[in-house]
Amino acid sequence: MVQSSSKLHKVALERLKERGVSLEEIAELVYDLQKPYIADISMEICVENVRSVIKKREVQNTILTGIELDVLCEQGKLSSPLQEIIQEDEGLYGIDEILALSIVNVYGSIGFTNYGFLDKTKPKLISKLDDHQNKDQTHTFLDDIVGAIAAAAASRLAHDDPGISDIMK
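What you see is a predicted model; the values in this text were computed from it and never measured.

Novice: What's the story with the packing of helix α4 (residues 57-74) against helix α6 (residues 95-104) in this structure? I'm lost.
Specialist: A pair of packed helices can be characterised by two numbers: the angle between their axes and the separation between those axes. Two elements in contact, α4 and α6, have axes whose closest approach is 9 Å; the angle formed by their N-to-C orientations is 160°. Overall, the two elements α4 and α6 adopt an arrangement that is roughly antiparallel. In this structure, α4 crosses over α6, and the sense of that crossing is left-handed. Residues V59, T62, T65 and G66 of α4 lie in contact with α6, whose contacting residues are L99, S102 and I103. Tallied by class, residues from the contact of α4 with α6 come to three nonpolar, four polar and no charged.

Novice: Could you clarify how one ought to interpret the packing of helix α7 (residues 109-121) against helix α9 (residues 142-159) in this entry?
Specialist: Where α7 contacts α9, the two axes come as close as 8 Å, and the packing angle between them is 140°. The orientation of α7 with respect to α9, classified from their angle, is oblique. Note on packing geometry: the crossing formed by α7 with α9 is right-handed. Taking contact as the criterion, the partners of I110, G111, N114, Y115, L118 and D119 in α7 are, on α9, D144, G147, A148, A150, A151, A154, S155, A158 and H159. Each residue belonging to the contact of α7 with α9 can be placed in one class, and the counts come to eight nonpolar, five polar and two charged.

Novice: Looking at this structure, how should I read helix α1 (residues 5-18)?
Specialist: Each α-helix turn comprises 3.6 residues. Residues three or four places apart therefore point the same way. For α1, with 14 residues, the first-to-last C-alpha span of 20 Å sits near the 20 Å given by 1.5 Å per residue. Turning to α1, its buried residues are L8, H9, V11, A12 and L16. Residues of α1 that are buried make contact with α2 (23-34), α3 (43-54), α4 and α9. One or two steps after α1, the chain reaches G20, where phi turns positive at roughly 85°.

Novice: Teacher, can you tell me more about the pattern of salt bridges here?
Specialist: Two side chains bearing opposite charge may form a pair once their charged atoms approach each other closely. Following the criterion strictly, the structure yields six salt bridges and no others. Linking E74 and R19 is a salt bridge whose minimum nitrogen-to-oxygen distance equals 2.5 Å. Within this pair, whereas E74 is found in helix α4, its partner R19 is found in the loop between α1 and α2, the two being separated by 55 residues in sequence. The class of R19 is buried, set by a relative accessible area of 16%. The partner of K128 in a salt bridge is E25, with the nearest N and O atoms 3.6 Å apart. On the criterion of sequence distance, the pair formed by K128 in helix α8 (residues 124-130) and E25 in helix α2 is long-range, its members being 103 residues apart. E25 gets classed as partly exposed once you look at its relative accessible area, which sits at 23%. Salt bridges here are not isolated pairs; linked through shared partners, they connect E28, D32 and K124.

Novice: When you look at unusual backbone geometry in this model, what are you seeing that I'm missing?
Specialist: The residue after S80, namely P81, is reached through a cis peptide bond having omega 10°. Structurally, the position occupied by P81 is in the loop between α4 and α5 (82-88). For K124, which is not glycine, the phi torsion reads 45° and is therefore positive. Position of K124 relative to the elements: it lies in helix α8. Judged by relative accessible area, K124 falls into the partly exposed class, the value being 45%.

The rules behind these values
Residues numbered from 1 in each chain as written. Predicted model: local features only at pLDDT ≥ 70, side-chain atom pairs only at ≥ 80, totals over all residues. Heavy atoms only, no water. Axes fitted to C-alpha atoms, helices over the stretch in contact; angles between N-to-C directions. Helix = DSSP H or I, 4+ residues; strand = E, 2+ residues; numbered from the N terminus. Parallel < 35°, antiparallel > 145°, perpendicular 65-115°, else oblique. Left-handed = near helix turned anticlockwise from the far one by under 90°. Contact = heavy atoms within 4.5 Å. Nonpolar A, V, L, I, M, F, W, Y, C, P; charged D, E, K, R; others polar. Expected span 1.5 Å × (residues − 1). Buried < 20%, exposed > 50% of the residue type's maximum accessible area, 1.4 Å probe, protein only. Salt bridge = Lys/Arg side-chain N within 4 Å of Asp/Glu carboxyl O.

Keep in mind these values describe shape, not function.
Printed below as a string of structure tokens:
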């Protein structure tokens, strides 16, 4: 049975919260990405754009899938060698980034560059999630999903600001 978008939305938000992710922390990443380009940017606008991204069904599906894989890994319920690959966040695995790109894809090519920057620099919340010191927690998928949501929200903002380019004036 196909789930309603409102139910998926609610569950996706709950899962993010359960994993210690707030929309405001994602919005901070958006703010930092767009501040150099949008003079009157505010945290409220950034939060609004994060919320809009998460309303997309593809994004909700990605959040639920990635978090579920992280949780199953924490519980030791994946088969070897996948269990160890995800647990160690093996550098050559890459499926976590591929899943996250399904979010970035929703808002065009600028999302790819935003995501690449966040994935490489791992600022703020992404760094916290990517910290592998706590062996009881796995965020192999979640750190990339958070980066992708922020990148998509920043892209959404960029597309919504036609004054950003002389060509668009």
